[in-house]
Amino acid sequence: MADGAAEDEDTFRILVATDSHAGYAEKDKSRSKDALNTFEEVMQIARARRADFILHGGDLFHDNKPSRGCLYRVMDLLRRHCLGPGEVCFQVVSDPGLFARGVVNYEDTNTNVEMPFFMIHGNHDDPGGDSNLCAANLLEMAGLVNYFGRTEDLEDIVVRPVLMRKGRTQLAIYGLGNIRDERLNRAFQARKVRFETPSNPEQWFNIMILHQNRHKGNKAGVPTKACVHEQMLPGFLDLVVWGHEHDCDVSPQESLRGEFYVVQPGSSVATSLSVGETKLKHVAMIDVRAGCFRCTPVPLWTVRPLVIRDLSLADTGLLRTDTQAIWNALAGEVEAMIAEGDEEIQRRRRELTARGGEQRLEVPALPLVRLRVEHTGFEAISSQAFGQHFADRLANPDEVLLFHRRGGAAGGSGGGKKVGPLGEVLEIEEGAFVPEDGVKIQDIIYKYIEGEHNLQILSEPDLNDAVQSFVHRAEVCAIERFVREAVDATNQAVMRESRAAGQDEIRNQIQDRAEGLRQQRLAAAAGGPAGPRAGARRPRSCAWFSATT
């Protein structure tokens, strides 16, 4: 876009980023600076492109309780790139009560802000603990960001917009910070999610930014409940910015209902060694003028390259007992992948240099490499011993090989009672979804509770909450507290309602109670998403300008 367009008094220019994951792998000597390095690139792009403000879609931090070093570095970057004597050329005209400090930060007379930063929280940096605060609250109280989209009552979720005006353009941004996906899905089904709109919403350009799992179609013919369907979102929206999903699909896509466009910037750092993370990462520059918008993808050249390949040992013609030949074949494949990664590093360095601007940034010197080896009929070799031969040429020597066997192994056929589709009740989140990258914690629990060892007392949804609190919020007593409370509640129920005379009858009563709670949970999630409303309008055109990469 020409500079004149950037300075158009009626045009909002917004840099949109999500899932920065500052602090990811900060104890890894090779990758400790990756996330913060790219976050600084994002901030530099915003200044170079003269953005009016930055809109962040959650997971600014990788940990619910970021280290002091990580928090210090993020605050330093926000101060250097957001504070200054420059003028803010738009107005926030909505209720300032949306923000904890009762004022948008650039209107604070004690702070000079020239690049406002608006953000919601994600599943990694959500509020918690006794104070029910998160790192975003600390940044907001320091006057560095404007934090919105927090839900106080999960039984009555109200989404209030931040209303902005620049010249003749009116912009409404609806933020919804992360809520456990299954719970939010049920809230939409039960019509417990309300959107407050201005009196004349058709005169505003309406953007929604959220941080949730996105529905990607049915699995085995059964729609998952642990996500948000596009059909659930209101039809008055013009653009939806989808956070939490790490795959970069930054070009606007028309929604399934044809009422709005969806932009999915993806993460700015590879937090999992999956195929979706191999794409070049981008942020989005979104220009809004009157009722139209344009989305321009901007590549992030400081992201460490990731190379992934698949290899089947059965197709190599090697003898199953020839360990040395197998080792050599794998080493040769990894050598080729390293060469590919090194070539990409050189390309990104050239692109970063050509972009110009501040020269504090650098492209990581070592690539990430993952070789997925299907070894049915072959013995696996030691991944760590293998990786050490490439320790000075890879950023992930301990994870370079992933061995797996062909699917189709039959599960146990015990005669125990099998409970229904618990996979839709229990959803333990681990950040980015990694479909083929080994065993995950939810896989272990699904296999355990759907086999011979069905849960008799504990509630799967509450177990999900407890495990997430233990894993993501470092609440070491969360599981112990949950088990104790569940056992106490069951004891009280049995003592109050017991009709049993013997031990076996008491056990059956406990099982009946657990099964009743389980079926209630399944019934609550049974409804499908609402279909398109009659008279649905078409989305506003995104072809105001032609998008360029």
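Residues numbered from 1 in each chain as written. Predicted model: local features only at pLDDT ≥ 70, side-chain atom pairs only at ≥ 80, totals over all residues. Heavy atoms only, no water.

- In the nomenclature of an unreviewed UniProt entry, the protein chain corresponds to Double-strand break repair protein MRE11 from the organism Lingulaulax polyedra.
- The UniProt entry for the protein chain carries the following comment under Cofactor (unreviewed entry): "Mn(2+)".
- As stated in UniProt under Sequence similarities (unreviewed entry), the record for the protein chain gives "Belongs to the MRE11/RAD32 family." (UniProt positions renumbered as here; feature names shortened; annotations may be inferred.)

### Comments concerning the overall build of the protein chain
Line of reasoning, step 1. Counting its regular elements, the protein chain contains 11 helices and 18 strands.
Line of reasoning, step 2. Among the 549 residues that make up the protein chain, the fraction classed as buried is 53%.
Line of reasoning, step 3. Counting only contacts in the protein chain whose residues sit at least 6 apart along the sequence, the fraction spanning at least 24 positions is 76%.
Line of reasoning, step 4. With the model as given, the accessible surface of the protein chain reaches about 25300 Å², and the carbon-plus-sulfur share is 49%. (Helix = DSSP H or I, 4+ residues; strand = E, 2+ residues; numbered from the N terminus. Buried < 20%, exposed > 50% of the residue type's maximum accessible area, 1.4 Å probe, protein only. Contact = heavy atoms within 4.5 Å. Areas by Shrake-Rupley, 256 points an atom, 1.4 Å probe, with all protein chains shown as cover.)

### Some remarks on the nonpolar core
Line of reasoning, step 1. In this structure, Leu-15, Phe-53, Val-74, Leu-78, Phe-118, Met-164 and Leu-171 are the most contacted members of the largest nonpolar core, which totals 68 residues.
Line of reasoning, step 2. Those residues in contact with Val-74, other than ones at most four positions away along the chain, are Ala-22, Leu-36, Phe-39, Leu-60, Phe-61 and Leu-139.
Line of reasoning, step 3. The next biggest cluster of nonpolar side chains, apart from the first, holds 23 residues, and it includes Ile-179, Val-193, Phe-195 and Leu-210. (Core = buried A, V, L, I, M, F, W, Y, C linked by side-chain atoms within 4.5 Å.)

### Topic: the packing of aromatic side chains
Line of reasoning, step 1. Throughout the structure, instances matching the rule amount to 14 aromatic pairs.
Line of reasoning, step 2. Where Tyr-174 meets Phe-195, the ring centres are 6.0 Å apart and the plane angle is 55°; that geometry is what we call tilted. In this pair, Tyr-174 sits in strand β8 (residues 169-176) while Phe-195 sits in strand β9 (residues 193-195), placing the two residues 21 residues apart along the sequence. With respect to burial, Tyr-174 and Phe-195 carry one shared label: buried.
Line of reasoning, step 3. What links up through ring pairs into an aromatic cluster is the set Phe-12, Phe-53, Phe-90, Phe-99, Tyr-106 and Phe-118.
Line of reasoning, step 4. A cation sits over an aromatic face here: Arg-214 above Trp-242, 5.4 Å from the ring centre.
Line of reasoning, step 5. Between Arg-320 and the ring centre of Phe-378, over which it is positioned, the NZ or CZ distance is 5.7 Å. (Phe/Tyr/Trp six-rings, centres within 6.5 Å; stacked < 30°, edge-to-face > 60°. Lys NZ or Arg CZ within 6 Å of the ring centre and 35° of its normal.)

### Observations regarding the pairing of strand β11 (residues 239-243)
Regular strands place their side chains on alternate faces of the sheet.
Line of reasoning, step 1. With 5 of 5 residues buried, β11 is to be regarded as a mostly interior element.
Line of reasoning, step 2. The alternating pattern of β11 places Leu-239, Val-241 and Gly-243 and Val-240 and Trp-242 on opposite faces, both of which are buried.
Line of reasoning, step 3. Strand direction decides the pairing type here: strand β10 (residues 205-211) and β11, joined by 5 bridges, are parallel. In the strand pairing of β11, His-211 is matched with Gly-243.
Line of reasoning, step 4. Bridge count between β11 and strand β13 (residues 261-264): 3 bridges; the pairing is parallel. Residue Val-240 lies in a different strand from β13, and its bridge partner there is Val-262. (Pairing = 2+ DSSP bridges.)

### Here's the deal with the sheet that holds strand β16 (residues 306-312)
Line of reasoning, step 1. If you walk across this open sheet you meet the 3 strands as β16-β17-β18, and the pairing is parallel. At either end of the open sheet lies a strand with only one pairing partner, and these are β16 and β18 (401-404). Recorded for the sheet is a direction-independent mean angle of 15° between the axes of neighbouring strands.
Line of reasoning, step 2. Contacting β16, β17 (368-374) and β18, helix α6 (residues 323-355) runs over the sheet at an angle of about 155° to β16. (Axes fitted to C-alpha atoms, helices over the stretch in contact; angles between N-to-C directions.)

### Notes on helix α10 (residues 478-497)
Line of reasoning, step 1. In a regular helix each residue adds 1.5 Å, so 20 residues correspond to 28 Å; α10 covers 28 Å between its end C-alpha atoms and thus fits that length.
Line of reasoning, step 2. The set of residues buried in α10 consists of Ala-478, Phe-482, Ala-486, Thr-490, Ala-493 and Val-494. Each buried residue of α10 lies within a common arc of 125° when the element is viewed along its axis, so the set occupies one face. Looking at α10, the residues exposed on the side facing more than 90 degrees away from the buried face are Glu-480, Gln-492, Met-495 and Arg-496. (Expected span 1.5 Å × (residues − 1). Arc of directions from axis to C-beta.)

### Side note on the pattern of salt bridges
Any two side chains of opposite charge can pair, given that their charged atoms come close.
Line of reasoning, step 1. Enumeration according to the criterion identifies 34 salt bridges in this entry.
Line of reasoning, step 2. Here Glu-333 makes a salt bridge to Arg-309, at a shortest N to O gap of 3.1 Å. A residue pair is termed long-range when its members are at least 10 positions apart, and Glu-333 in helix α6 and Arg-309 in strand β16 qualify at 24 residues.
Line of reasoning, step 3. In this structure Glu-333 comes out as partly exposed when scored by relative accessible area, which is 23%.
Line of reasoning, step 4. Exposure remark for Arg-309: the relative accessible area of 25% places this residue in the partly exposed category.
Line of reasoning, step 5. The residue Asp-310 makes a salt bridge to Arg-372 at a minimum N-O spacing of 2.7 Å. Residue Asp-310 is located in strand β16, and its partner Arg-372 is located in strand β17; the two are separated by 62 residues in the primary sequence.
Line of reasoning, step 6. Residue class for Asp-310 comes out exposed when judged on its relative accessible area of 52%.
Line of reasoning, step 7. Judged by its relative accessible area of 8%, Arg-372 is buried. (Salt bridge = Lys/Arg side-chain N within 4 Å of Asp/Glu carboxyl O.)

### A short note on the side chain of His-246
Line of reasoning, step 1. By the element assignment, His-246 lies in the loop between β11 and β12 (249-254).
Line of reasoning, step 2. Here His-21 takes part through its side chain, which lies 3.2 Å from a polar atom of the side chain of His-246. (Polar contact = N/O pair within 3.5 Å; in protein donor to acceptor, adjacent residues only side chain to side chain.)

### Points about the environment of Leu-401
Line of reasoning, step 1. Its location among the elements puts Leu-401 in strand β18.
Line of reasoning, step 2. Along the primary structure Leu-401 and Ile-381 are separated by 20 residues, whereas in three dimensions their C-alpha atoms are 9.3 Å apart.
Line of reasoning, step 3. The contact partners of Leu-401, leaving out residues within four places of it in the chain, are Leu-330, Arg-370, Leu-371, Val-373, Ile-381, Ser-383 and Phe-386.

### Overview of helix α2 (residues 34-48)
Line of reasoning, step 1. Given a rise of 1.5 Å per residue, 15 residues ought to cover 21 Å, and the 21 Å separating the end C-alpha atoms of α2 matches this to within 8%.
Line of reasoning, step 2. Counting buried positions along α2 gives 13 out of 15 residues, so the element sits mostly inside the fold.
Line of reasoning, step 3. Positive phi appears at Arg-50, one or two residues downstream of α2, with a value of about 55°.

### Side note on a nonpolar patch on the surface
Line of reasoning, step 1. The grouping of Ile-457, Val-483 and Val-487 at the surface amounts to a nonpolar patch, some 170 Å² of accessible area in total.
Line of reasoning, step 2. By the element assignment, Val-487 lies in helix α10.
Line of reasoning, step 3. On the accessibility criterion, Val-487 (31% relative accessible area) is partly exposed. (Patch = residues over 30% accessible without salt bridge, like charges linked within 9 Å, V, L, I, M, F, W, Y side chains within 5 Å.)

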